[in-house]
Amino acid sequence: MPDTQLTVTLSGGDVDDARTVVRALEGTFGAARQRPSEEHATVRVATFTGEGREPADGREDAGPLSAPVNVTVLGTPQAVRRAGDTLMRSFTTRDEGTAAGDQEQERQLLLEP
């Protein structure tokens, strides 16, 4: 599988919610290169690089969210699809739309507690 570059932007919820989302994605993409850390930020970012792994089948228990979290994933179409699939297995998710460019895709999701 080619190298993956995925950027995840999170808003809503708190830093623990952002970390919960990132943990869910690490099951598919490996350890995040950059993780959400700022306690008082309103927008948090995580990045993933590397080959990634195939996600496990079935629902993944990432843990509960304390509030709704808006997630934007940006990367190759394959990485964005895999991230969306992982998040839909891990959380109650509403798809808010997708935008495609020449080589990258952006997808917005709302994760609900």
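Quantities reported herein were computed from a predicted structural model and do not represent experimental measurements. (Residues numbered from 1 in each chain as written. Predicted model: local features only at pLDDT ≥ 70, side-chain atom pairs only at ≥ 80, totals over all residues. Heavy atoms only, no water.)

A. Structural context of the packing of aromatic side chains. Per the stated rule, a full pass over the model turns up one aromatic pair. Here the aromatic rings of Phe 29 and Phe 48 are separated by 5.8 Å at their centres, their planes lie at 45 degrees, and the arrangement is tilted. Of the two residues, Phe 29 is situated in helix H1 (residues 15-29) and Phe 48 in strand E2 (residues 43-50); the sequence distance between them amounts to 19 residues. (Phe/Tyr/Trp six-rings, centres within 6.5 Å; stacked < 30°, edge-to-face > 60°. Helix = DSSP H or I, 4+ residues; strand = E, 2+ residues; numbered from the N terminus.)

B. Here's a closer look at the pattern of salt bridges. Inspection of the entire model under this criterion finds six salt bridges. When the shortest N-O distance is used, the salt bridge between Arg 19 and Asp 16 registers 3.6 Å. Taken together, the positions of Arg 19 and Asp 16, both in helix H1 and three residues apart, correspond to about one turn of that helix. On the basis of relative accessibility, which here comes to 30%, the residue Arg 19 falls in the partly exposed class. Classification of Asp 16 as partly exposed rests on a relative accessible area of 46%. Glu 96 is paired through a salt bridge with Arg 94; the nearest N and O atoms lie 2.8 Å apart. Accessibility expressed as a relative area gives 42% for Glu 96, which makes it partly exposed. One network of salt bridges, with partners in common, ties together Arg 94, Glu 96 and Glu 112. (Salt bridge = Lys/Arg side-chain N within 4 Å of Asp/Glu carboxyl O. Buried < 20%, exposed > 50% of the residue type's maximum accessible area, 1.4 Å probe, protein only.)

C. Main features of the nonpolar core. If you look at the biggest cluster of nonpolar residues, it comprises 24 residues, and the most contacted ones within it are Leu 6, Val 8, Val 21, Phe 48, Val 71 and Leu 111. Of all the secondary structure elements, the ones that give two or more residues to this core are strand E1 (4-11), H1, E2, strand E3 (69-75), helix H2 (77-90) and strand E5 (105-112). Counting residues per element, this core draws most heavily on H1, which supplies six residues. If near-sequence neighbours (up to four positions away) are discounted, Leu 111 is found in contact with Val 21, Leu 65, Ala 67, Pro 68, Val 69, Val 71, Leu 87, Phe 91, Thr 92 and Thr 93. (Core = buried A, V, L, I, M, F, W, Y, C linked by side-chain atoms within 4.5 Å. Contact = heavy atoms within 4.5 Å.)

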